[in-house]
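Listed below, chain by chain, are the residues.
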Amino acid sequence: MRRRTPVPPAPLPQRRGVDPVRVRLPADGAWDTVREHLVARLTGAGPGVVEAMFHAGAVVGADGLPVAPDAPYRPGMFVWFHRELPPEVPVPFPVEVVYRDEHIVVADKPHFLATTPRGSHVTETLLARLRHDLGLPGLGAAHRLDRLTAGLVLLTVRPEERGAYQGLFRDRLVHKEYEAVARYDPALELPRTVRSRILKERGVLAAREVEGEPNAVTRVELAGHREEDGLARYRLLPATGQTHQLRVHLNSLGVPILGDPLYPEVAPATAPGDFRHPLQLLARALDFTDPVTGARHSFASGRTLEAWTSPKDWARP
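A.B. asks: Report on the side chain of Asp287, specifying residues and quantitative values.
C.D. replies: Looking at the secondary structure, you find Asp287 in strand E12 (residues 281-289). No salt bridge forms around the buried Asp287; measuring N to O, its nearest opposite-charge neighbour Arg296 is 5.1 Å away. In contact with Asp287, not counting residues within four places along its chain, are Leu173, Val174, His175, Arg296, His297, Ser298 and Phe299.

A.B. asks: Account for empty space enclosed by the protein, with residues named and values stated.
C.D. replies: According to the stated counting rule, one finds 1 cavity of 30 Å³ or more in the structure shown. The volume enclosed by the largest cavity comes to roughly 40 Å³. Contributing to the lining of the largest cavity are His143, Leu145, Leu152, Lys176, Glu177, Tyr178, Ala283, Arg284, Ala285 and Leu286. Secondary-structure elements contributing two or more residues to the lining of the largest cavity are strand E7 (175-183) and E12. For the lining of the largest cavity, the leading source of residues is E12, giving 4 residues. Here the residues of the lining of the largest cavity sort into 6 nonpolar, 1 polar and 3 charged.

A.B. asks: With reference to specific residues and values, describe the packing of aromatic side chains.
C.D. replies: Scanning the entire structure with this criterion turns up 7 aromatic pairs. With a centroid separation of 5.3 Å and an interplanar angle of 75°, the aromatic rings of Phe112 and Phe275 are classed as edge-to-face. With Phe112 in the loop between strand E4 (104-109) and helix H3 (126-134) and Phe275 in the loop between helix H5 (245-252) and E12, the pair connects residues that are 163 residues apart, well separated along the chain. Through a chain of ring-to-ring contacts, three or more aromatic side chains come together here, namely Phe93, Phe112 and Phe275. The side chain of Arg226 reaches across the aromatic face of Trp308, ending 4.0 Å from its centre.

A.B. asks: So what about unusual backbone geometry? Which residues, and what values?
C.D. replies: In the segment running from Leu190 into Pro191, the intervening peptide bond is cis, with an omega of 0°. You can see Pro191 is positioned in the loop between E7 and strand E8 (192-199). Between Tyr263 and the following residue, Pro264, the backbone shows a cis peptide bond with an omega angle of 10°. Mapped onto the elements, Pro264 comes out in the loop between H5 and E12. The backbone of Arg16 shows a phi angle near 55°, a positive value even though the residue is not glycine. In this structure, Arg16 sits in the segment before strand E1 (21-24).

A.B. asks: Summarise the nonpolar core; cite the residues concerned and give the values.
C.D. replies: Residues Leu126, Leu130, Leu139, Leu155, Leu236, Leu250 and Leu281 are the most contacted members of the largest nonpolar core, which totals 35 residues. Contributing elements (two or more residues each) for this core: E4, H3, strand E6 (150-156), E7, strand E11 (231-238), H5 and E12. Setting aside residues up to four positions removed in sequence, Leu155 forms contacts with His103, Ile104, Val105, Ala107, Leu126, Leu127, Leu130, Leu139, Gly140, Ala141 and Ala142. Ranked by size, the runner-up nonpolar core spans 14 residues in total, among them Val23, Val50, Met53 and Val67.

A.B. asks: Help me get a handle on the layout of surface pockets, residues and values and all.
C.D. replies: Put simply, the second largest pocket is a space of about 350 Å³. The wall of the second largest pocket is formed by 17 residues, among which Met53, Phe81, His82, Arg83 and Glu84 lie closest to the centre. Its residues assigned to classes, the lining of the second largest pocket comprises 10 nonpolar, 4 polar and 3 charged.

A.B. asks: Quick rundown of the environment of Val105? Include the residues and the values.
C.D. replies: Relative to the assigned elements, Val105 resides in strand E4. Once you skip the residues sitting within four places of it in the chain, Val105 turns out to touch Val97, Tyr99, Arg100, Leu130, Leu134, Leu136, Leu139, Val153, Leu154, Leu155 and Val157.

A.B. asks: Quick one: what's the story with a positive patch on the surface, residue by residue and with numbers?
C.D. replies: A cluster of basic residues, Arg118, Arg144, Lys200 and Arg202, forms a positive patch at the surface. The topology assignment puts Arg202 in the loop between E8 and strand E9 (208-210).

A.B. asks: Let's hear about the side chain of Glu177: which residues, and what values?
C.D. replies: Take Glu177: it is sitting in strand E7. What makes Glu177 buried here is its relative accessible area of 18%.

A.B. asks: Outline the pairing of strand E2 (residues 78-81), supporting the account with residue identities and numerical values.
C.D. replies: Residues Phe78 and Trp80 point to one face of E2 and Val79 and Phe81 to the other, with burial holding for every one of them. As paired elements, E1 and E2 share 4 bridges and run antiparallel to each other. What sits directly across from Arg24, in E2, is Phe78.

A.B. asks: Describe helix H1 (residues 34-41), naming the residues involved and giving the relevant values.
C.D. replies: Burial in H1 covers these residues: Val34, His37 and Leu38. Buried positions in H1, seen along its axis, are confined to an arc of 95° and lie on one side of it. Elements in contact with the buried residues of H1: E1, helix H2 (49-55) and E2.

What counts, and at which threshold
Residues numbered from 1 in each chain as written. Predicted model: local features only at pLDDT ≥ 70, side-chain atom pairs only at ≥ 80, totals over all residues. Heavy atoms only, no water. Helix = DSSP H or I, 4+ residues; strand = E, 2+ residues; numbered from the N terminus. Buried < 20%, exposed > 50% of the residue type's maximum accessible area, 1.4 Å probe, protein only. Lys, Arg positive; Asp, Glu negative; His and termini not counted. Salt bridge = Lys/Arg side-chain N within 4 Å of Asp/Glu carboxyl O. Contact = heavy atoms within 4.5 Å. 1 Å grid on protein atoms, 1.4 Å probe; cavity = no way out; pocket = protein on both sides within 12 Å on 5 of 7 lines; lining within 4 Å. Points joined across faces, edges and corners; volume = space filled by probe spheres on them. Nonpolar A, V, L, I, M, F, W, Y, C, P; charged D, E, K, R; others polar. Phe/Tyr/Trp six-rings, centres within 6.5 Å; stacked < 30°, edge-to-face > 60°. Lys NZ or Arg CZ within 6 Å of the ring centre and 35° of its normal. Core = buried A, V, L, I, M, F, W, Y, C linked by side-chain atoms within 4.5 Å. Patch = residues over 30% accessible without salt bridge, like charges linked within 9 Å, V, L, I, M, F, W, Y side chains within 5 Å. Areas by Shrake-Rupley, 256 points an atom, 1.4 Å probe, with all protein chains shown as cover. Charge placed at Lys NZ, Arg CZ, Asp CG, Glu CD. Pairing = 2+ DSSP bridges. Arc of directions from axis to C-beta.

In structure tokens, the structure reads:
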């Protein structure tokens, strides 16, 4: 059996909480130099960008030293560099740290802030912010919340322990409780457990329910309702973690979550700086036994859903 070459530690520090890009040169490469490979690989970087990186000494090897523009191509070689990050509209809401010890950080994420760097959201993410603000470059997310969902996120301090905490979510050993605000339907019989098969296709914004063995299970309870505006507060207890599961299940019950741009219909994209009408979905509580220390943890979000607590402010144009 062929042994896999261990990945050396990154020789470059993070920038604004974002790791440098690591590239391993393919074993079957036909390029003469490292530079030629990166030019062919990074086609979206623009003309002359890769050459400029080499001449500036911005591409380094495992020893941290700049790779020369004419350095020969060596299959399996690792190189690192920082990509130029496009400007991002700052998400103007703070992250609250609910708990921190030498193993974990529990953060209370605001609406509109992505959990981890992905796509056009890189520095304006929970992970990048906390790495920078807390001085914890090894911080990683044990799970993710949708960018539009607010509430509790568990992060790990030590990379070598991340798998143990991720296993809690994989093995359904975390009790998760969510809260949502949607239209009140007196004909909807609650509590009930919704079971369905959810399919989320790559490149398609909205997930959908399809025939087949259920892979998504949610208990839905009514936590309260108001006659004056016809709104209700729902308590959601997911037993599984499919993409958009809670949003899909409430929509299937005929009470889509307020502020949802995907369900029941995909709405036109809003401007990047439009932070009005946040999705009224909150990860309210996390309960679990710490797999490293054995301690029992129970955390609650301090956030509220504006459509319930300040409906006039939430509905403002």
